[in-house]
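So you can see what is in the structure, the chains are spelled out below.
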Amino acid sequence: MAVQSVGVIGAGQMGNGIAHVFALAGYDVLLNDISAEAMQAAVATIDKNLDRQVSRGKVSAEDKAAAMARIRTTTDMADIGATDLVIEAATEREDVKNKIFESVLPHLKPETILTSNTSSISITRLASRTDRPEKFMGFHFMNPVPVMQLVELIRGIATNEDTYQTLVGVVASLGKTAASAEDFPAFIVNRILVPMMNEAVYVLYEGVGNVRSIDESMKLGANHPMGPLELADFIGLDTCLAIMNVLHDGLADTKYRPCPLLVKYVEAGWLGRKTGRGFYDYRGETPVPTR
Ligand SMILES: NC(=O)c1ccc[n+]([C@@H]2O[C@H](COP(=O)([O-])OP(=O)(O)OC[C@H]3O[C@@H](n4cnc5c(N)ncnc54)[C@H](O)[C@@H]3O)[C@@H](O)[C@H]2O)c1
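Definitions and limits used
- Residues numbered from 1 in each chain as written.
- Predicted model: local features only at pLDDT ≥ 70, side-chain atom pairs only at ≥ 80, totals over all residues.
- Heavy atoms only, no water.
- UniProt positions renumbered as here; feature names shortened; annotations may be inferred.
- Patch = residues over 30% accessible without salt bridge, like charges linked within 9 Å, V, L, I, M, F, W, Y side chains within 5 Å.
- Areas by Shrake-Rupley, 256 points an atom, 1.4 Å probe, with all protein chains shown as cover.
- Salt bridge = Lys/Arg side-chain N within 4 Å of Asp/Glu carboxyl O.
- Lys, Arg positive; Asp, Glu negative; His and termini not counted.
- Charge placed at Lys NZ, Arg CZ, Asp CG, Glu CD.
- Helix = DSSP H or I, 4+ residues; strand = E, 2+ residues; numbered from the N terminus.
- Near = heavy atom within 4 Å.
- Polar contact = N/O pair within 3.5 Å; in protein donor to acceptor, adjacent residues only side chain to side chain.
- Nonpolar A, V, L, I, M, F, W, Y, C, P; charged D, E, K, R; others polar.
- Domains from an automatic or database assignment.
- Contact = heavy atoms within 4.5 Å.
- Buried area = accessible area lost by both parts, 1.4 Å probe.
- Expected span 1.5 Å × (residues − 1).
- Buried < 20%, exposed > 50% of the residue type's maximum accessible area, 1.4 Å probe, protein only.
- Arc of directions from axis to C-beta.
- Pairing = 2+ DSSP bridges.
- Right-handed = clockwise from strand over helix to strand, strands pointing away.

Under an unreviewed UniProt entry, the name given to the protein chain is 3-hydroxyacyl-CoA dehydrogenase, and the source organism is Paracoccus solventivorans. UniProt lists a comment for the protein chain under the heading Sequence similarities (unreviewed entry), and it reads "Belongs to the 3-hydroxyacyl-CoA dehydrogenase family."

*Asks:* For this particular structure, what's the right way to read a positive patch on the surface?
*Replies:* A grouping of Lys 48, Arg 52, Arg 56 and Lys 58 is seen on the molecular surface, where their side chains present a positively charged patch. Mapped onto the elements of the fold, Lys 58 is located in the loop between helix 2 (36-55) and helix 3 (61-69).

*Asks:* Which parts of the structure should I look at to understand the site of the ligand?
*Replies:* In the region of the ligand, 25 residues are neighbours, and Met 14, Asp 33, Glu 92, Lys 97 and Ser 119 sit closest. A distance of 2.6 Å separates an oxygen atom of the ligand from a polar atom in the side chain of Asp 33. Protein contact buries 86% of the 830 Å² of open area that the ligand shows by itself. Among the elements of the structure, helix 1 (13-24), helix 5 (94-104) and strand 6 (136-141) are those that each provide at least two residues to the shell around the ligand. For the shell around the ligand, the element with the highest residue contribution is helix 5, accounting for 3 residues. Residues belonging to the shell around the ligand are distributed by class as follows: 10 nonpolar, 11 polar and 4 charged. When we break the shell around the ligand down by domain, the ones giving at least three residues each are domain 1 (5-182) and domain 2 (191-289).

*Asks:* It is not clear to me how the domain arrangement of the protein chain should be interpreted in this structure. Could you clarify?
*Replies:* Here the domain parsing of the protein chain yields domain 1 (5-182) and domain 2 (191-289). Averaged C-alpha coordinates put domain 1 and domain 2 at centres separated by 26 Å. With 7 residues of domain 1 in contact, the opposing surface of domain 2 contributes 8 residues. Both faces combined, the contact of domain 1 with domain 2 buries some 580 Å², and carbon together with sulfur accounts for 63% of it. On the domain 1 side of the contact with domain 2, Gln 13, Glu 92 and Ser 120 bury the most area, a combined 60% of that side's loss. Linking domain 1 with domain 2 are 0 salt bridges. Between the two partners, domain 1 and domain 2, sit 1 residue pair in polar contact (both at pLDDT 80 or more). When its residues are assigned to classes, the side of domain 1 that touches domain 2 shows 2 nonpolar, 4 polar and 1 charged.

*Asks:* What exactly am I supposed to notice about helix 7 (residues 161-173) here?
*Replies:* Every α-helix winds through 3.6 residues per turn, so residues three or four apart in the chain are directed the same way. Helix length check: helix 7 (13 residues) gives 18 Å between terminal C-alpha atoms against 18 Å at 1.5 Å per residue, within 8%. Considered for burial, the residues of helix 7 that qualify are Thr 163, Tyr 164, Thr 166, Leu 167, Val 170 and Val 171. Down the axis of helix 7, the buried set is contained in an arc of 160°. They therefore lie on one face. Buried residues belonging to helix 7 abut helix 1, strand 4 (85-88), strand 5 (113-116), strand 6, strand 7 (150-155) and strand 8 (177-181).

*Asks:* Please explain the pairing of strand 1 (residues 5-9) as it appears in this structure.
*Replies:* Each regular strand shows side chains that alternate between the opposite faces of the sheet. Summarising burial for strand 1: 5 of the 5 residues are buried, a large majority. Residues of strand 1 alternate between two faces, with Ser 5, Gly 7 and Ile 9 on one and Val 6 and Val 8 on the opposite face, all of them buried. Where strand 1 meets strand 2 (residues 28-32), 5 bridges bridge the pair, whose relative direction is parallel. Looking at strand 2, one finds that Ser 5 is bridged to Asp 28. On the question of chirality, the crossover connecting strand 1 to the parallel strand 2 by way of helix 1 is right-handed.

Below is the structure:
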């Protein structure tokens, strides 16, 4: 099926990135969030990030203007339902996602493909709560969306070939590369990446290293472009914890036990960059380790 319009639900760091790349690729984008502030902030962020691409010569000023003109915000689920492809990119909580699907389902066109950008939650289970498990898929973008090349495509048990092939085509139209993952907790990238970050938090918790030495060690010793704690702050510590909980519950293996120190940071509301504080404090000129 031909996709021309896209509805993005959740205008946080992933939602704004997804809206950005779709608009730049020529799709009409409708962006929704429960928070009007988040929607405004998302549009401002897209504008700023496109400006950066223009100044680096990656995007022309005309293409930027055209992309911005293709993005609209809405609080009305009927608008979202009228699009060809819906991408849910709200908070990583299954109850939140189920509620969103419940509210959009009555408005969907029969042919609309419904997807979730979830990092870890079972696609089959999310799909089973909708009226269209055969047209439901995991559509997992990486952060920051305008920069990262990969998109994981996750088929639920009922997803049909047509839906899968449509999304393969959509990913190609964005200039990105699709990787298929089976529907098991956290799929491929986060199954490997997030336990590594959780282990880094254990190393901090046990006093083996401090924030700076852990990040420096992995950057200089393993050639990682970002240290694991810096990366956890970038992703959002609430999201990291949610993914560890999904792995722990879904695979029932103690090796996925979330580090108590990660839990403590989340309880404190120190969620990383997005709240100004996590393993680093971002409120000053340069990030300062909090441990
Ligand atoms: N952060 C990452 O690196 C990353 C990478 C890939 C995928 N993801 C996934 O993307 C999703 C969003 O993550 P994020 O990092 O953008 O989170 P975020 O906290 O930046 O944004 C979440 C947004 O969802 C909104 N929201 C909450 N309930 C809503 C509702 N009922 N209706 C509409 N909007 C609602 C919030 O207001 C917020 O603006 C999660 O499923 C996450 O697992 C995150």
